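# Analysis of the macromolecular model
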Amino acid sequence: QVQLVESGGGLVQAGGSLRLSCAASGGTFSRYVMCWFRQAPGKEREFVAAIDWSGVRTRYVDSVKGRSTISRDNAKNTLYLQMNSLKLEDTAVYYCAARFGTDLSLGGSAYNYWGQGTQVTVSS
C-alpha cells in the first residue's frame, strides 16, 4: 500500500510560481508512474502531468505545457510539479497519484493510489 502526501500549495498572485511536492511511502516509489491531477470547484478532475519511473518520459495537458515541469527524485521518494506563470484558471485542488505499469495514462481510473490533495489558489 502506497501513501501519498502532497504539499506546497497556497495562495499566489497571477504570474507567480509554486512548486508542489508529493512524498511517497509504503512502496517502491521507483516502480510507479506518477501523475498530477487537479480539480477546480464545480469541474471534473483533470489530468495535469505524468512522468515515468525514470523521469525521462513526461506528458502534460496542453493548458500547462511550457509553464509547468513534472519531475521526481527516486532517492527521496518524492514527486514534484513546478508551476510558473500561474493563471487564475490554475486554481484547483492538486492531487498526486501513482500507478503500476509504464503508460502515462490520462485517465484517473488507471491510477491505483491517490493523495489527499493540496489547494492552489491563484489571485488577480
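The sections below set out a description of the structure shown in this document.

## Focus on the overall build of the protein chain
Within the protein chain, the regular secondary structure consists of 0 helices and 11 strands. Mapped from its N terminus to its C terminus, the protein chain presents α and β elements in the order β-β-β-β-β-β-β-β-β-β-β. Taken against the 2.2 N^0.38 rule, which gives 14 Å for 124 residues, the C-alpha radius of gyration of the protein chain at 13 Å falls within 12% of a compact globule. Its C-alpha atoms give the protein chain principal-axis dimensions of roughly 40 × 25 × 25 Å. Long-range contacts, defined as pairs at least 24 residues apart, comprise 59% of the intrachain contacts of the protein chain with a sequence gap of at least 6. In the form shown here, the protein chain has an accessible surface area of approximately 6,200 Å², with 47% of it arising from carbon and sulfur atoms.

## Some words on the side chain of Asp-52
Residue position: Asp-52 is located in the loop between β5 (46-51) and β6 (58-60). Using a relative accessible area of 5% as the deciding quantity, one classes Asp-52 as buried. A distance of 2.8 Å separates the side chain of Asp-52 from the backbone nitrogen of Gly-55, its partner in a polar contact.

## Digging into the packing of aromatic side chains
By the definition in use, this model includes 7 aromatic pairs. Taking 5.5 Å as the distance between ring centres and 80 degrees as the angle between the ring planes, the aromatic pair formed by Phe-37 and Tyr-111 counts as edge-to-face. You can see Phe-37 sitting in strand β4 (residues 33-39) and its partner Tyr-111 sitting in the loop between β9 (92-99) and β10 (113-114), a full 74 residues away along the chain. Each of the two residues, Phe-37 as well as Tyr-111, counts as buried.

## Quick look at the pattern of salt bridges
Applying the stated criterion across every chain, the model contains 5 salt bridges. For Arg-67, the salt bridge identified is with Asp-90, shortest N-O distance 2.8 Å. Here the residue Arg-67 occupies a position in the loop between β6 and β7 (68-73), and Asp-90 occupies one in the loop between β8 (78-83) and β9, the gap between them amounting to 23 residues. What makes Arg-67 buried here is its relative accessible area of 11%. When salt bridges that share partners are traced, they join Arg-38, Glu-46, Arg-67 and Asp-90 into one network.

## Focus: the nonpolar core
In terms of nonpolar packing, the biggest core is built from 38 residues, with Leu-4, Met-34, Trp-36, Leu-79, Leu-81 and Tyr-94 touching the most fellow members. Residue assignment for this core shows that the elements contributing at least two residues are β3 (18-25), β4, β5, β8, β9 and β11 (118-123). Once residues within four sequence positions are removed from consideration, Leu-4 is found in contact with Cys-22, Ala-23, Ala-24, Met-34, Cys-96, Ala-97, Ala-98, Tyr-113, Trp-114, Gly-115 and Gln-116.

## Some thoughts on the pairing of β8
Counting buried positions over the 6 residues of β8 gives 5, a clear majority of the element. Looking at chain direction, β3 and β8 are connected through 6 bridges and run antiparallel. Paired with Leu-18 across the bridge in β8 is Met-83. One ladder, built from 6 bridges, connects β7 with β8; its direction is antiparallel. Bridge pairing links Ile-70 to Leu-81 in β8.

What counts, and where the lines are drawn
Residues numbered from 1 in each chain as written. Predicted model: local features only at pLDDT ≥ 70, side-chain atom pairs only at ≥ 80, totals over all residues. Heavy atoms only, no water. Helix = DSSP H or I, 4+ residues; strand = E, 2+ residues; numbered from the N terminus. Rg over C-alpha atoms; globule rule 2.2 N^0.38 Å. Contact = heavy atoms within 4.5 Å. Areas by Shrake-Rupley, 256 points an atom, 1.4 Å probe, with all protein chains shown as cover. Buried < 20%, exposed > 50% of the residue type's maximum accessible area, 1.4 Å probe, protein only. Polar contact = N/O pair within 3.5 Å; in protein donor to acceptor, adjacent residues only side chain to side chain. Phe/Tyr/Trp six-rings, centres within 6.5 Å; stacked < 30°, edge-to-face > 60°. Salt bridge = Lys/Arg side-chain N within 4 Å of Asp/Glu carboxyl O. Core = buried A, V, L, I, M, F, W, Y, C linked by side-chain atoms within 4.5 Å. Pairing = 2+ DSSP bridges.

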